[in-house]
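# Descriptive structure summary
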Amino acid sequence: MSIRFSVLASGSTGNAIYVETEEHAFLVDAGLSGKQMEGLFQKIDRKIDQLTGILVTHEHSDHIKGLGVIARKYRLPIYANEKTWKAMDGLIGEIPIEQKFVFEMESVRSFGSLDIESFGVSHDAVEPMFYIFHHGGKKLVLITDTGYVSDRMKGTIKNADVFIFESNHDVDMLRMGRYPWSVKRRILSDVGHVSNEDAALAMSEVIGDKTKHIYLAHLSQDNNMKDLARMSVSQVLAQKGFVVGEQFSLHDTDPKIPTPLVAV
C-alpha cells in the first residue's frame, strides 16, 4: 500500500498538488486556469475526471483560480471548511449543492483506507488549513502559506515520510526587492509566508526516522531561487546535525513543471 503524489505547480502564480492511493485520487487546490490544470494532469499521465475530489486550503486566487471551472466541467466534489466556502462565494462561480462538502479544520475524513487530516495554519485568509494524508502506515504532509510554524503544527506534522514544505523567500532578497513595504511587511508577518531559514528551523523539529523526502514549495518568483532555497535549508539543517542527501532528500518544485509522480 502506497501513496503516490506529484506537486503539479507551486509558487505565487498558482498551486496544485495531486495525491492518489490504490482506490482514491485527490487534488489539493487548483490555482491555475482550467486549461493549465488539464495540461499538468497530462504531464503526469492522469485524468481529472478520475479524481475523488478537490481539497481546498484557502481562498487566495493562487489556490482556487481554476477550481470552479474544473469542478463544474468534471462534476467533482469540493471539500473546504465553512468559512472558506463563504469566502469563495463570488470567486469560483456557482457550484451545484451536490458537489459542495464541508471539511472542518482539525478533523479527519476517511475514504476507504485513506485518512485525510486537516490542520490550521497562520495565514491572512479567513480559515486557512492544510492536509495530512495517512495510508498504509505512510504519512504525507502538505504545509505552505503560513507565517510561522507553531508548536501545535509541529506536533501534528511530526515524523512524516514526506513533507511538502513552504520555503517562500530569502529575507535579504525580500527586503532589498521591488515590493512596496506594505507587501514586504505582510510576507514577513506571522500571517505571511515562512522564509528559507525559518522553514529549515521548523523542519529540524519535525523530521523523524521515517522522513525520506522534503519538497521545498511555494518559492517566491521575485524573492527566492531554487538553488538558494536548497542551499539555505541544507545549511541550517546541517547546523542542526542532519545529513541532507543521506538521511533524506531535498527536492525542488516548480510553478509550471510537475514533479515526477512517485510512491512513498
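Residues numbered from 1 in each chain as written. Predicted model: local features only at pLDDT ≥ 70, side-chain atom pairs only at ≥ 80, totals over all residues. Heavy atoms only, no water.

## Structural notes on unusual backbone geometry
- For aspartate 145, which is not glycine, the phi dihedral falls at a positive 50 degrees.
- Among the structural elements, aspartate 145 can be located in the loop between β10 (138–143) and α5 (151–157).
- The class of aspartate 145 is buried, set by a relative accessible area of 1%.
- Positive phi, close to 60 degrees, is recorded for asparagine 159, a residue that is not glycine.
- Looking at the element boundaries, asparagine 159 is found in the loop between α5 and β11 (162–166).
- With a relative accessible area of 24%, asparagine 159 lands in the partly exposed category. (Helix = DSSP H or I, 4+ residues; strand = E, 2+ residues; numbered from the N terminus. Buried < 20%, exposed > 50% of the residue type's maximum accessible area, 1.4 Å probe, protein only.)

## Focus on the sheet that holds strand β9 (residues 129–135)
- The strand order across the open sheet built from seven strands is β7-β8-β9-β10-β11-β12-β13, with neighbouring strands paired in mixed fashion. On the outer flanks of this sheet lie β7 (108–111) and β13 (249–252), each paired with one strand and no other. Adjacent strand axes in the sheet meet at a mean angle of 20 degrees when their direction is disregarded.
- Pairing geometry for β10 and β11, over four bridges, is parallel. Considered in β11, the bridge of isoleucine 143 is made with phenylalanine 165. (Pairing = 2+ DSSP bridges. Axes fitted to C-alpha atoms, helices over the stretch in contact; angles between N-to-C directions.)

## Regarding the packing of aromatic side chains
- Evaluated as defined, the whole model comprises nine aromatic pairs.
- Here the aromatic cluster, defined as three or more aromatic residues joined through ring pairs, consists of Phe26, Tyr79, Phe101 and Phe111.
- Positioned above the aromatic ring of tryptophan 85, the side-chain terminus of lysine 100 is 5.0 Å from the ring centre.
- Over the ring of phenylalanine 103 we find arginine 109; its NZ or CZ atom is 5.9 Å from the centre of that ring. (Phe/Tyr/Trp six-rings, centres within 6.5 Å; stacked < 30°, edge-to-face > 60°. Lys NZ or Arg CZ within 6 Å of the ring centre and 35° of its normal.)

## Some points on the nonpolar core
- Membership of the largest hydrophobic core comes to 52 residues, with the highest contact counts inside it found for Phe133 and Phe165.
- In this structure, phenylalanine 133 is in contact with Ile3, Val19, Phe26, Val28, Leu55, Leu114, Asp115, Ile116, Lys138, Lys139, Leu140 and Leu142, ignoring residues within four places of it in sequence.
- The next biggest cluster of nonpolar side chains, apart from the first, holds 27 residues, and it includes Leu27, Leu32, Ile64 and Ile92. (Core = buried A, V, L, I, M, F, W, Y, C linked by side-chain atoms within 4.5 Å. Contact = heavy atoms within 4.5 Å.)

## A look at the confidence of the model for the protein
- For the protein, the average pLDDT comes to 98, and 100% of its residues sit at 70 or higher.
- When mean pLDDT is compared element by element in the protein, strand β4 (residues 53–55) scores highest at 99, while strand β14 (residues 262–263) scores lowest at 96. (pLDDT = per-residue confidence, 0-100.)

## Concerning the sheet that holds strand β6 (residues 100–102)
- The strand order across the open sheet built from seven strands is β6-β5-β4-β3-β2-β1-β14, with neighbouring strands paired in mixed fashion. Every other strand in the sheet has two partners, leaving β6 and β14 as the edge strands with one partner each.
- Taken together, the five bridges between strand β1 (residues 4–9) and strand β2 (residues 16–20) define a ladder with antiparallel strand orientation. Bridge pairing in β2 places phenylalanine 5 opposite valine 19.
- Across the sheet, helix α1 (residues 34–43) lies against β1, β2 and β3 (25–28), angled at about 140 degrees from β1, the strand it touches most.

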